[in-house]
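# Notes for the structure review
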Amino acid sequence: MRIARNHIRMHRTIGEGYFGLVMEGEIYKKQTSWTRVAVKISKSHVEGSISLANEAVIMAKIGIHENVVRLLGVCHHKDSLLLIMEYAEHGNLRSHLLLQRNTNAEECTHSCPTQKAFLHALQVAKGMAYITSHKCIHGDLSARNVLVGAGNVLKVSDFGLAKDIHYYEFYKRKTPGIVPFKWTAPESLIDKIYTEASDVWSFGVLLWEIATLGGLPYPGVPIEELYELLTKRNYRMKQPPNCSKKLYNLMVNCWNELPNNRPRFSDLVGQTQQAMSELEKSDTLMQDAQRSGEVVTE
Ligand code: ACK
């Protein structure tokens, strides 16, 4: 949908990237008042505009899902393209996780409560399963590219590196460009091949970010050694402190060396749902036992 420039108000800059700026703003809605939105604006250079135009096309193709940031419209203004998106009021997931860190924690380890971690995982997996079902590859999945909306609903965002693979099963990158190294699957690092399975690898790293409340992946590993460690020595991150075995197994499965042996996003939705219902069941059993005096909590 095209939105007229005079139906858009922009207030303050909330982010800046290679492509341009993100601003908080409002758009005019017929008969009602103004609605809060996020506006992505391309820089005047050609690559910025192409990247943003690609993002708009992919978002329009993907369509509407609760766990994917929604494109509301676009606007051409002077030399710039404006991309109007639903506003996610709690910012990106990484900052949101960091805010939950307890600064008084005695040890310096931070961990996400298991139930919450699975809830985050489920929402992202649902969004990604939807994106995948529309034959798109995200190409840059990480906690900083997931936004937190009203009611703490997670939304996959930032389709700047996304690709449409409608006619092919994979995308082979031809141009040099920014590679989110620590989130990238070995086959994408080696052969520049991107598939659903390479997004699943990134999802595994995102699970690790959730488990550690926004930790930086591969702590203590020099970035120049990571390529060799991942591609030749099958190195994987260890189970984070206080992370449940079930959640760790989920990430390790996403990091299978063979892309075909990794779960699909639709499998991950089922697995996280099952893990959550098992946790709920054991919580209920525990509460029943406490009520009947079978378990002493102190
Ligand atoms: O943590 P943040 O405020 O959330 O910082 C980044 C920044 O812009 C660069 O991407 C914010 N941002 C991007 N898209 C949106 C959106 N749809 N709603 C709210 N904030 C957004 C993001």
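Rules used in this analysis
- Note that residues are indexed from 1 along each chain, following the sequence as it is written.
- In keeping with the predicted nature of the model, local features appear solely for residues at pLDDT of at least 70, side-chain atom pairs appear and are counted solely at 80 or more, and the whole-chain, interface and lining totals rest on all residues.
- The basis for every side-chain value is the complete set of non-hydrogen atoms in the structure, without hydrogens or water.
- Domain boundaries shown here were taken from an automatic or database domain assignment.
- Note on contacts: a residue pair is in contact if any heavy atoms of the two residues lie within 4.5 Å.
- Once two parts are joined, some of their accessible surface, as seen by a 1.4 Å probe, is lost; buried area is that loss totalled over both.
- Counted as salt bridges are all cases of a side-chain nitrogen of Lys or Arg within 4 Å of a carboxyl oxygen of Asp or Glu.
- The numbering of helices and of strands both runs from the N terminus, where a helix is a DSSP run of H or I of at least 4 residues and a strand a run of E of at least 2.
- In the analysis that follows, any N or O atom pair within 3.5 Å is treated as a polar contact, provided that within protein one partner can donate a hydrogen and the other can accept it, and provided that, for residues neighboring in sequence, both atoms belong to side chains.
- Residue burial is assigned from relative accessible area. The probe radius is 1.4 Å, only protein chains are included, and a residue is buried under 20% of its type maximum, exposed over 50%, and partly exposed in between.
- Only C-alpha atoms enter the line fits that serve as axes; for helices the fit covers just the stretch in contact. Angles between N-to-C directions range over 0 to 180 degrees.
- Orientation is classified from the angle alone, with under 35 degrees giving roughly parallel, over 145 giving roughly antiparallel, 65 to 115 giving roughly perpendicular, and any other angle giving oblique.
- For any helix crossing, the convention is left-handed if the near helix is rotated counterclockwise from the far helix by under a right angle, and right-handed if that rotation is clockwise.
- Stacked, edge-to-face and tilted are the three classes for Phe, Tyr and Trp ring pairs, Trp counted by its six-membered ring, which pair at centre distances within 6.5 Å; planes under 30 degrees apart are stacked, over 60 edge-to-face, the rest tilted.
- In our convention, an over-ring charge means Lys NZ or Arg CZ found within 6 Å of a ring centre and within 35 degrees of that ring's normal.

Here we take up the domain arrangement of the protein chain. Each assigned domain of the protein chain is listed with its residue range as follows: domain 1 (5-86) and domain 2 (93-280). Summarising the inter-unit geometry, the C-alpha centres of domain 1 and domain 2 are found 26 Å apart. In this complex, domain 1 contributes 17 residues to the contact, which on the side of domain 2 involves 22 residues. Between domain 1 and domain 2 the total buried area reaches about 1600 Å² when both faces are included, carbon and sulfur atoms providing 61% of it. It is Lys-61, Ile-62 and Asn-67 that lose the most area in domain 1 upon contact with domain 2, and together they represent 38% of the buried surface on that side. The interface formed by domain 1 and domain 2 holds three salt bridges in total. Here Glu-86 and Lys-155 are joined by a salt bridge, their closest N and O atoms 3.4 Å apart.

Turning to the environment of Glu-86, a few remarks are in order. Mapped onto the elements of the fold, Glu-86 is located in strand β5 (residues 80-86). Separated by 185 residues in sequence, Glu-86 and Gln-271 have C-alpha atoms that sit 29 Å apart. Dropping the residues within four chain positions of it, Glu-86 is found in contact with Ala-38, Val-68, Val-69, Arg-70, Leu-72 and Lys-155. A distance of 3.4 Å separates the side chain of Glu-86 from the side chain of Lys-155, its partner in a polar contact.

Structurally, Asp-283 is set in helix α8 (residues 265-291). On the accessibility criterion, Asp-283 (36% relative accessible area) is partly exposed. Placed 109 residues apart in sequence, Asp-283 and Lys-174 show a C-alpha to C-alpha distance of 50 Å.

All right, on to the pattern of salt bridges then. Under the defined criterion, the tally for this structure stands at 12 salt bridges. Glu-187 serves as the salt-bridge partner of Arg-262, at 2.9 Å between the closest nitrogen and oxygen. Here the residue Arg-262 occupies a position in the loop between α7 (245-254) and α8, and Glu-187 occupies one in helix α4 (residues 186-191), the gap between them amounting to 75 residues. The class of Glu-187 is buried, set by a relative accessible area of 13%. Beyond isolated ion pairs, a larger network of salt bridges with shared partners links Arg-12, Glu-24 and Arg-36.

This part is about the packing of helix α3 (residues 114-133) against helix α5 (residues 196-211). The contact between α3 and α5 brings their axes to 11 Å, and the two run at 160°. Looking at the two axes, α3 sits roughly antiparallel to α5. Read as a crossing pair, α3 and α5 show a hand that is right-handed. Contact with α3, carried on its side by Ala-117, His-120, Ala-121, Val-124, Ala-125, Met-128 and Thr-132, involves Glu-196, Asp-199, Phe-203, Leu-206, Leu-207 and Ile-210 of α5 and no other residues of that element.

So, about the packing of aromatic side chains. Aromatic ring pairs are reported here in terms of the distance separating the ring centres and the angle at which the planes meet. Throughout the structure, instances matching the rule amount to five aromatic pairs. For the pair Tyr-171 and Tyr-194, a centre-to-centre distance of 6.4 Å together with 45° between the ring planes defines the contact as tilted. Note that Tyr-171 is positioned in strand β10 (residues 171-172) and Tyr-194 in strand β11 (residues 193-194), a separation of 23 residues in sequence. Relative to Tyr-235, the ring of Tyr-218 lies with its centre 6.3 Å away and its plane at 40°, an arrangement referred to as tilted. Of this pair, Tyr-218 sits in the loop between α5 and α6 (223-231) while Tyr-235 sits in the loop between α6 and α7, and the two are 17 residues apart along the sequence. Overall, the relative accessible area of 28% leaves Tyr-235 in the partly exposed class. Its end group placed over the ring of Trp-183, Arg-144 keeps NZ or CZ at 4.6 Å from the ring centre.

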